[in-house]
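Structural characterization, general
In case you want the letters, here they are:
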Amino acid sequence: MHEERTQVAIVGAGPAGMLLAHLLDREGIESVVVETRTEEYVASRIRAGILEQSTVDLLREIGLADRLEREGDEHRGIHLQWTDRGHSERHHVDFVDLTGRSVWVYGQTEVQKDLVAAARERGQVVHYEVADTALHDLETGQPSLTFTRDGEEVRLRAEVVVGCDGSFGPSRGAVPDPRTWDRTYPYSWLGILADVAPSTDELIYAWHPEGFALHSMRSSTVSRFYLQVPNDTALDDWSDDRIWEGLATRFDLDGWTLQTGPITDRSVLPMRSFVQTPMRHGRLFLAGDAAHIVPPTGAKGLNLAVADVALLAPALVAWLRKDDASLADAYADTAVRRVWRCTHFSWWMTTMLHATGDPFDEQLQLSQLRWVTSSDAGAAGLAENYAGLPIGF
Ligand code: PHB
């Protein structure tokens, strides 16, 4: 078996793993990233497109925000809309006025490209297309990963292993006797990308008796839309016309028109909340989707992964450079506090906005929407969570 050695072995080359490698490198800590997929696959996955304030602050601080500043779009807030007995209202919630914090429209796909470019520039070792990744000896001072690369078996020895390999990767299964919390929702999202200028300046989250809809965007020429659909919906059930009609109905508002265009991508996304603890076992640390999944309604997935890594990087630096394990020992408890905050917020946004067909739910949802759009106290809670609490909250 071929043997390699590094300080931090990172499983998964998505945004969490690549950002961690970047942060460690800045502090002179060496890492190797292993990934089962191809570089192109990881770089082209379409995910949410909203960066919260602390994510943007961090990317700026580490010199990764040049393209974000040029091509991203800063938003002051979101629009919330509902249609009650045939009458629609749309209200703007201004995060900047309410909290002094904003959000940026910049796709996770773009963040990933920037991280990959920076990794290439500094000579970061990333092994793509590895197979059979397994984690070993995590309770000892000499943990390691094994995997096969181009048919060759490799053992990568490290001081620390970090699982950034999402909910399907092997890392979370390497934690013995974890505690898990799981919620699946009785609806999914049909998501499309379309070559059409956004019909709105900022995102619209729309509650409608037929189901939720979201108008997001990627650029001045590309729009992103989502429609609430039943679980197990087949893409074939939704022709282009049906999609555009569904969106037009759910976003309907006097004096406003939805522009349509060619649909370039479509998929059905399940909605799930999932938390696994502890986020550490011996010399293994979990970050991002390996430890938690949020439904996309609050756009928290990427931001939460970034927050995990922003806490973990200085903890590993202090441990490996100064033999000070105090931050590493605190990581699991500190990180999981924010995880539950974002889990609650994502669940709350999800349950406030999705039609269930239950008339009692409907009245509670409408009442909640009226409150968060008419009371500064109600709006501020939404704004603070959406624009994001400071890292370390
Ligand atoms: C997206 O642009 O893909 C997006 C935006 C906001 C969300 C979810 C997804 O809450």
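Overview of the structure.

What helix α3 (residues 53–61) keeps buried is the set Q53, S54, T55, V56, L58 and L59. Backbone geometry just downstream of α3 places G63 in the positive-phi region, at approximately 75°.

Now for the site of the ligand. By nearness alone, 16 residues border the ligand, and Y205, S216, R218, Y226 and P296 come closest of all. R218 places a polar side-chain atom, nitrogen or oxygen, 2.8 Å from an oxygen atom of the ligand. Calculation on the ligand without its partners gives an accessible area of 280 Å², and the protein chains cover 100% of this total. At the level of secondary structure, the elements contributing two or more residues to the shell around the ligand comprise β16 (213–217) and β17 (223–229). Its residues assigned to classes, the shell around the ligand comprises nine nonpolar, four polar and three charged.

On to unusual backbone geometry. The step from T277 to P278 runs through a cis peptide bond, and the omega angle for that step is 0°. Residue placement: P278 occurs in the loop between β18 (263–277) and β19 (280–281). Backbone geometry at R85 places phi at a positive 50°, although glycine is not the residue there.

Further remarks concern the packing of helix α9 (residues 326–353) against helix α10 (residues 359–374). The geometry of α9 relative to α10 is characterised by a closest axis approach of 8 Å and an angle of 115° between their N-to-C directions. In this structure, α9 uses W348, T351, M352 and L353 to contact α10, whose residues at the interface are Q365, Q368, L369 and V372. Residues of the contact of α9 with α10, tallied by class, amount to five nonpolar, three polar and no charged.

A few words now on the pairing of strand β15 (residues 204–207). Taking every second residue as pointing to the same face, both faces of β15 are buried, with I204 and A206 on one and Y205 and W207 on the other. Note that strand β6 (residues 77–84) and β15 share four bridges and pair parallel. Paired with L80 across the bridge in β15 is Y205. Taken together, the three bridges between β15 and β16 define a ladder with antiparallel strand orientation. Each residue of the ladder has a partner; that of I204, found in β16, is H215. Hairpin connection, β15 to β16: the antiparallel pair is bridged by five residues, and G211 has positive phi, about 140°.

Within a beta sheet, neighbouring strands are joined by backbone hydrogen bonds and run either parallel or antiparallel to one another. The strand order across the open sheet built from six strands is β9-β3-β2-β13-β20-β19, with neighbouring strands paired in mixed fashion. With one partner strand each, in any of the chains shown, β9 (125–127) and β19 form the two edges of the open sheet. Where strand β2 (residues 8–11) meets strand β13 (residues 160–163), four bridges bridge the pair, whose relative direction is parallel. Bridging from a neighbouring strand, V8 pairs with V160 of β13. The strands that helix α8 (residues 301–322) touches are β2, β13, β19 and β20 (284–286); relative to β13, the one it contacts most, it runs at about 170°.

Reading guide: rules and limits
Residues numbered from 1 in each chain as written. Predicted model: local features only at pLDDT ≥ 70, side-chain atom pairs only at ≥ 80, totals over all residues. Heavy atoms only, no water. Buried < 20%, exposed > 50% of the residue type's maximum accessible area, 1.4 Å probe, protein only. Helix = DSSP H or I, 4+ residues; strand = E, 2+ residues; numbered from the N terminus. Near = heavy atom within 4 Å. Polar contact = N/O pair within 3.5 Å; in protein donor to acceptor, adjacent residues only side chain to side chain. Areas by Shrake-Rupley, 256 points an atom, 1.4 Å probe, with all protein chains shown as cover. Nonpolar A, V, L, I, M, F, W, Y, C, P; charged D, E, K, R; others polar. Axes fitted to C-alpha atoms, helices over the stretch in contact; angles between N-to-C directions. Contact = heavy atoms within 4.5 Å. Pairing = 2+ DSSP bridges.

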